[in-house]
Amino acid sequence: MEKKTANINVKITGTLRKRFDHALAHEGLTISQFIVKVISDFCEKVEEKQMKIAELHKNEKER
């Protein structure tokens, strides 16, 4: 299987930059691992919000 790679230039600022610096310096993560972690965290937050919204809709229907 051929491995595909890409060069991506991204400007990281604010809170994400602080998380990035911390991850590289203190957690020993590579840039790729950091990106996976950020995306995973984002997906978890989206799932949590979706569950809250579903619960609100359920409560509205029960009224």
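Residues numbered from 1 in each chain as written. Predicted model: local features only at pLDDT ≥ 70, side-chain atom pairs only at ≥ 80, totals over all residues. Heavy atoms only, no water.

### Let's talk about the nonpolar core
Phe20, Ala23, Leu29, Phe34 and Val38 together form the largest nonpolar core, which totals 5 residues. Going through the elements one at a time, α1 (14-27) and α2 (31-62) are the ones with two or more residues in this core. If near-sequence neighbours (up to four positions away) are discounted, Ala23 is found in contact with Gly28, Leu29 and Phe34. (Core = buried A, V, L, I, M, F, W, Y, C linked by side-chain atoms within 4.5 Å. Buried < 20%, exposed > 50% of the residue type's maximum accessible area, 1.4 Å probe, protein only. Helix = DSSP H or I, 4+ residues; strand = E, 2+ residues; numbered from the N terminus. Contact = heavy atoms within 4.5 Å.)

### Quick notes on the packing of aromatic side chains
Aromatic ring pairs: the centre-centre distance and the angle between the two ring planes describe each pair. A full pass over the atoms with the stated rule returns 1 aromatic pair. Ring geometry for Phe20 versus Phe34: centroids 5.1 Å apart, planes at 70°, classification edge-to-face. One end of the pair, Phe20, is in helix α1; the other, Phe34, is in helix α2, with 14 residues separating them in the sequence. For Phe20, a relative accessible area of 11% translates into the label buried. (Phe/Tyr/Trp six-rings, centres within 6.5 Å; stacked < 30°, edge-to-face > 60°.)

### Some points on a nonpolar patch on the surface
Among the surface-exposed residues, Leu24, Ile31, Ile35 and Ile39 lie close enough to one another that they form a single nonpolar patch of about 350 Å² accessible area. The greatest single-element share of the nonpolar patch, amounting to 3 residues, is contributed by α2. Tracing the sequence through the fold places Ile31 in helix α2. Assessed through its relative accessible area of 51%, Ile31 is described here as exposed. (Patch = residues over 30% accessible without salt bridge, like charges linked within 9 Å, V, L, I, M, F, W, Y side chains within 5 Å. Areas by Shrake-Rupley, 256 points an atom, 1.4 Å probe, with all protein chains shown as cover. Salt bridge = Lys/Arg side-chain N within 4 Å of Asp/Glu carboxyl O.)

Honestly, it's all geometry; don't read function into it.
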